[in-house]
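# A structural walkthrough
What follows is each chain in one-letter form.
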Amino acid sequence: MRTYVITGGTDGMGKGLGLHFLGRGDRVLAVASGAVKGARFLREAADLGAADRASFIQADLSTLAGMHKVIAEVAAVTDTVDGVVFGAQNFRSERQETADGFEYTFALAYLSRYVIGHGLFDALERAEAPVIMNIAGPGGLPGTIEWDDLQLRTGFRGMRAAMQSSRCIDLLGVAFAQRHPGARTRYVLYNPLVVRTAMADPLPTPHRILTKTWLLLAGQPVRKAIVPIAELIDHPPTEPVAAFRRRTRLALAGKDFDPERARRLDAITAELVDSRVTGG
């Protein structure tokens, strides 16, 4: 029996992967903020006969307190984690700040992956073939990291924030391998392209209708989209970090995967997190 921690684990691809793993006899700790979807996930796990192997961790992953709650609750039930799947996303068309003073998308989409990934590193290293599966957008739409305004206090647009976080996530994978040289944990950056999920729900009504129609016409169903992801989790690449667009391997080249930029972002992020923890 393997143990998986899945953020965004009560909806979309996160839920699909969780039920897949439970169905074959593994243990899943699904992380999300909503109690209703969490309860539904546990009911579906029980229907699979996996009630004793399914857990729901309710946490607001846009806050440092929520991120550290996940790390603590995982540690309370297991000292070994075979895989962490990062799937939490929640589009915001208007700028919002979290309780820690971070721009919401930056905190949820990027910072939670940074904090939880490093926080569960020791538990991952105890597993036989540990892997972090980061479902994001490598090789996707372009995006710019605003080094002097990571919180996008000026010129905020929802898509701009989402694309910046995607580029930050690319560098996170590179920096993770730099931070943990010789680690057994493999880091996979994965772009599923278009999938029929609830990603459009937070959008304003006109955009929501258009996006849902587009997803219906162009998107893969979740059951199909999770297949190559599960395969990569079961058989991680041999390299410390790898990136894929569905089944296509991407070269770790260009500014999106630049080692120097990865080190720079890692240092900035560590300072940001430390300043909030120490009250600076």
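Residues numbered from 1 in each chain as written. Predicted model: local features only at pLDDT ≥ 70, side-chain atom pairs only at ≥ 80, totals over all residues. Heavy atoms only, no water.

## Describing the environment of arginine 276
Considering the arrangement of structural elements, one finds arginine 276 in helix H9 (residues 259-278). Residue class for arginine 276 comes out partly exposed when judged on its relative accessible area of 27%. If we skip the residues at most four places from it in the chain, arginine 276 touches Leu64, Asp100, Gly101 and Phe102. A polar contact of 3.0 Å, which involves the side chain of arginine 276, links it to the side chain of serine 275. (Helix = DSSP H or I, 4+ residues; strand = E, 2+ residues; numbered from the N terminus. Buried < 20%, exposed > 50% of the residue type's maximum accessible area, 1.4 Å probe, protein only. Contact = heavy atoms within 4.5 Å. Polar contact = N/O pair within 3.5 Å; in protein donor to acceptor, adjacent residues only side chain to side chain.)

## Focus: the nonpolar core
Counting 52 residues, the largest nonpolar core has Tyr110 and Leu111 as the members making the most contacts within it. The element best represented in this core is helix H4 (residues 104-119), accounting for nine residues. When residues no more than four places from it in sequence are discounted, the contact partners of leucine 111 are Leu64, Met67, Phe102, Phe106, Thr269 and Val273. Formed by 29 residues, the second largest nonpolar core is a distinct cluster that contains Leu19, Val28, Phe41 and Phe244. (Core = buried A, V, L, I, M, F, W, Y, C linked by side-chain atoms within 4.5 Å.)

## Here we look at the side chain of glutamine 151
Residue placement: glutamine 151 occurs in the loop between strand S5 (131-135) and helix H6 (158-179). By relative accessible area, which is 5% here, glutamine 151 ends up buried. Those residues in contact with glutamine 151 that sit more than four places away from it in its chain are Arg95, Phe102, Glu103, Phe106 and Leu272.

## Some remarks on the pattern of salt bridges
In this structure the tally under the stated criterion is 14 salt bridges. With a shortest N-O distance of 3.4 Å, aspartate 234 and arginine 2 are connected by a salt bridge. Here aspartate 234, found in helix H8 (residues 222-234), pairs with arginine 2, found in the segment before strand S1 (3-7); they are 232 residues apart in sequence, far enough to count as distant. The exposure class assigned to arginine 2 is partly exposed, which follows from its relative accessible area of 35%. Where salt bridges share partners, they join Arg2, Arg24, Asp26 and Asp234 into one cluster. (Salt bridge = Lys/Arg side-chain N within 4 Å of Asp/Glu carboxyl O.)

## What to know about H8
Across its 13 residues, H8 extends 18 Å between first and last C-alpha, which sits within 8% of the 18 Å expected from 1.5 Å per residue. Proline 228 marks where H8 bends most, by close to 25°. Residues of H8 that are buried: Val222, Ala225, Ile226, Pro228, Ile229, Ala230, Leu232, Ile233 and Asp234. Tucked into the core, H8 has its buried residues touching S1, helix H1 (12-23), strand S4 (83-86), S5, strand S6 (186-191) and strand S7 (241-245). (Expected span 1.5 Å × (residues − 1). Bend = angle between axes of the 7 residues up to and from the residue.)

## Some thoughts on the packing of H4 against H6
At a minimum axis distance of 8 Å, the contact between H4 and H6 shows a crossing angle of 15°. Relative to H6, H4 is oriented roughly parallel. As for how H4 packs across H6, the hand of that crossing is right-handed. Residues Thr105, Phe106, Ala109, Tyr110, Arg113, Tyr114, Gly117 and His118 of H4 form the contact with H6, whose own contacting residues are Ala161, Ala162, Gln164, Ser165, Cys168, Ile169, Leu172, Phe176 and Arg179. (Axes fitted to C-alpha atoms, helices over the stretch in contact; angles between N-to-C directions. Parallel < 35°, antiparallel > 145°, perpendicular 65-115°, else oblique. Left-handed = near helix turned anticlockwise from the far one by under 90°.)

## Comments concerning unusual backbone geometry
Positive phi values are uncommon outside glycine, yet leucine 152 reaches one of about 50°. Structurally, leucine 152 is set in the loop between S5 and H6. Backbone geometry at arginine 246 places phi at a positive 55°, although glycine is not the residue there. Its location among the elements puts arginine 246 in the loop between S7 and strand S8 (248-250).

## Structural notes on the environment of arginine 249
Turning to its location among the elements, arginine 249 is positioned in strand S8. As for arginine 249 and glycine 139, which are separated by 110 residues in sequence, their C-alpha atoms are 9.8 Å apart. Setting aside anything within four residues of it in sequence, one finds arginine 249 in contact with Pro237, Glu239, Ala242, Ala243 and Phe244. There is a polar contact of 2.7 Å between the side chain of arginine 249 and the side chain of glutamate 239.

Keep in mind that these numbers describe shape and distance, not what the molecule does.
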